[in-house]
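Topology and contacts: notes
What follows is the residue order along each chain.
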Amino acid sequence: MPPTHQPAHNSSHPAHNASASWAPPVMTDLPPTAHPITVISTTFTPTNTTINPVAAAAIHFFDDLLDQIPLPRWAIYTIFVAGALLILLCCLCICIKCCCKGKKKKRQKKKDENINLNGVNGKTTTALVQPDVADVDYGSTKKERGKLLYSLEYNAALSELTVGIKQAGGLMAMDLGGSSDPYVKVYICPDKSKTCETKVFRNTLNPVFNEQFNFQISKSSLLKSTVVMKVFDFNRFSKHNIIGELRVQLCNVDWNHVIEEWQDLAEPAKFEEEELGEICFSLRYVPTAGKLTVVILEAKNLKSMDIGGSSDPYVKVQLALDKRKWKKRKTSIKKKTLNPYYNESFTFDVSFEQIQRVNLVVSVWDHDAMTRNDAMGKIFLGCDATGNQLRHWADMLSNPRRPVAQWHSLLSAQQVNSTLILKKKIPLRNKLPF
């Protein structure tokens, strides 16, 4: 049995006892060739060997740049954060706008698809064909009134215009039975000295007229005239209902050949286009004195109202305050003339506060000693006026104390009355309920 190696302990040695606080253990059973154990220190020493030199240089440059700015670091960081938030907000707004635009396009596309598929009934394949843009009715209330075939021919040697009414098709049904009794009335504006009518065709929406009408008209007047063709439904015991009309301006017609064409009937004009003459008057307003002066100067080319081809015109000047009849004056009567000259002045007390709510109505009347006077034409200016009438009124207000004169074309009394709906005369102060 081999001898056992025993460690030698000398407990009495003072040095050994003094250093006995800690010592690495001694392995006695190690083979002779084993290497001694190396003790590794657990203390961590940081190093910069893992930092990228480029990043380190960038950080160093950034620190130097911040040091050169004469602001504390917290202020610089605040500015950077605010800028970043502003950029982020702008990007967000752009994204929201793009999203809204995309949604709007989708809605419009869907709407267009709905419009294009209005006629789809699922029964025919032709209903699936998308209509042409010109055929799409975008929610309008336009009624189909039918169409009319007419012809125009002018004989320059005889100064004669021939209007042919050939036929009509697809007319609007005006009777309860789903039919109509159509006829056509033809005349020329603005003269309207002759009116012609076709025969009445019973119970049909596709009448064939084949009638011609001749009108004497000079070449110069031809270029200023309009042919009016109105289709009516005949009623024996009531007013004839108009189905539709055509208005052809003769200045746009090529007279080198006979014109013959179909046209769709349009909604009838509310007011007849006819020349009622012109009137010239001046306006003057003095704001400090509250005085409105109207001078009726003259009129020309008035409409003939008497049998002899003349008239006895006078002019009525009326003020309306808040759409209520207020004050009125009238000129003298000029006998047997269509071009009267007046030069008569009228002054009204109108404060500056009232002038902004006043309308001036100027009307021409034909005086009749035995019967009621007839209205020949009318015009109104003021806060509710438009076009040339409003411009004349504005010129008066912008040029105080200066008379401003202007010619105006007269309109029909019906047209003016429907535009400027006047109430009863303004109540007197002592009759007011307050």
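Keep in mind it's a predicted model, so treat the numbers as computed, not measured. Every residue gets a number counted from 1 within its own chain, in the order that chain's sequence is written. Residues qualify for local features only when their pLDDT is at least 70, as the model is predicted, and side-chain atom pairs are given and counted only at 80 or more; totals for whole chains, interfaces and linings, by contrast, use all residues. Side-chain metrics in this entry use all non-hydrogen atoms of the structure; hydrogen atoms and water are not considered.

Describing the overall build of the chain
Scanning the chain from terminus to terminus reveals seven helices and 16 strands. Taking all contacts inside the chain whose residues are at least 6 apart in sequence as the whole, residues at least 24 apart take part in 63%. Using the Shrake-Rupley algorithm and a 1.4 Å probe, accessible areas are obtained, with residue cover drawn only from the displayed protein chains. Accessible surface computed for the chain: about 30,000 Å², of which carbon and sulfur atoms make up 56%. Numbering of helices and strands runs from the N terminus; a helix is a DSSP stretch of H or I covering at least four residues, while a strand is a stretch of E covering at least two. Here a residue-residue contact requires only that any non-hydrogen atoms of the pair lie within 4.5 Å.

Some points on the sheet that holds strand β7 (residues 241-249)
Read across the sheet, four strands follow the order β4-β3-β6-β7 without closing on themselves; strand pairing throughout is antiparallel. The open sheet has two edge strands, β4 (195-197) and β7, and neither has a second partner. Averaged over all pairs of adjacent strands, the angle between their axes in this sheet comes to 20°, without regard to strand direction. Taken together, the eight bridges between strand β3 (residues 182-189) and strand β6 (residues 226-233) define a ladder with antiparallel strand orientation. Strand pairing is assigned whenever DSSP detects at least two bridges linking the two strands. Note on geometry: axes are lines fitted to C-alpha atoms, helical ones only across the stretch in contact, with angles between N-to-C directions running from 0 to 180 degrees.

Focus on the pattern of salt bridges
Here, a salt bridge means any side-chain nitrogen of Lys or Arg that lies within 4 Å of a carboxyl oxygen of Asp or Glu. Applying the stated criterion across every chain yields a total of nine salt bridges. In this structure, E245 engages K230 in a salt bridge whose closest nitrogen and oxygen atoms are separated by 3.9 Å. With E245 in strand β7 and K230 in strand β6, this residue pair connects regions lying 15 residues apart in the sequence. For the pair formed by E245 and K230, the shared burial category is buried. In this structure, D384 and K323 form a salt bridge, with 4.0 Å as the shortest nitrogen-oxygen distance. Highlighted residues: D384 in the loop between β15 (374-382) and α6 (387-398) and K323 in the loop between β11 (313-321) and β12 (324-330), separated in sequence by 61 residues. Only protein chains enter the calculation, and the probe is 1.4 Å; a residue is then buried if its accessible area is under 20% of its type maximum, exposed if over 50%, and partly exposed in between.

Remarks on the sheet that holds strand β9 (residues 278-286)
Pairing within the open sheet is antiparallel, and its four strands lie in the order β13-β10-β9-β16. Here the strands that pair on one side only, and so sit at the sheet edges, are β13 (341-349) and β16 (404-409). Going across the sheet, the axis of each strand differs from the next one's by a mean of 20°, ignoring polarity.

Focus: the packing of aromatic side chains
Pairing of aromatic rings covers Phe, Tyr and Trp, the last counted by its six-membered ring, and requires centre-to-centre distances within 6.5 Å; plane angles under 30 degrees mean stacked, over 60 mean edge-to-face, and any other angle means tilted. Tallying each qualifying case throughout the model produces three aromatic pairs. Judged by centre distance (5.6 Å) and plane angle (20°), the rings of Y183 and F232 are stacked. Linking Y183 in strand β3 with F232 in strand β6, this pair joins segments that are 49 residues apart in sequence. Each of the two residues, Y183 as well as F232, counts as buried. In this structure, K327 is placed above the aromatic ring of W326, and the distance from its NZ or CZ to the ring centre is 4.3 Å. A ring has a charge above it when a Lys NZ or an Arg CZ is no more than 6 Å from the ring centre and no more than 35 degrees off the ring normal. One Lys or Arg, K330, reaches over the ring of Y314 and ends 5.6 Å from the middle of that ring.

Some remarks on the confidence of the model for the chain
What pLDDT conveys is the predictor's confidence in a given residue, as a value from 0 to 100. Taken residue by residue, the chain gives an average pLDDT of 77. The fraction at 70 or more is 74%. Mean pLDDT across the elements of the chain ranges from a minimum in helix α1 (residues 14-18), with 43, to a maximum in β13, with 96.

Looking at a nonpolar patch on the surface
Residues F62, I69, L71, Y77, I79 and F80 make up a contiguous nonpolar surface patch of roughly 540 Å² in combined accessible area. Ranked by residues supplied to the nonpolar patch, first place goes to helix α3 (residues 73-116) with three residues. Along the chain, Y77 falls in helix α3. With relative accessibility at 40%, the residue Y77 sits in the partly exposed group. Within this analysis, patches are made of residues with over 30% relative accessible area and no salt bridge. Like charges are joined at 9 Å or less; nonpolar side chains (Val, Leu, Ile, Met, Phe, Trp, Tyr) at 5 Å or less.

Some remarks on the pairing of strand β5 (residues 208-216)
Looking down a regular strand, the side chains alternate between one sheet face and the other. Covered by surrounding structure in β5 are F209, E211, F213 and F215 only, the residues V208, N210, Q212, N214 and Q216 on the alternate face being uncovered. Of the strand pairs in this sheet, strand β2 (residues 160-169) and β5 are connected by seven bridges, and their pairing is antiparallel. Each bridged residue has a counterpart across the sheet, and for G164 the counterpart in β5 is Q212.

Focus on the side chain of S179
Here S179 shows up in the loop between β2 and β3. Think of a polar contact as two N or O atoms within 3.5 Å of one another; within protein, one of them needs to be a possible hydrogen donor and the other a possible acceptor, and neighboring residues in sequence only count if both atoms come from side chains. Engagement of the side chain of S179 in a polar contact is seen with the backbone nitrogen of T204, the distance being 3.0 Å. When residues no more than four places from it in sequence are discounted, the contact partners of S179 are A173, M174, N203, T204 and L205.

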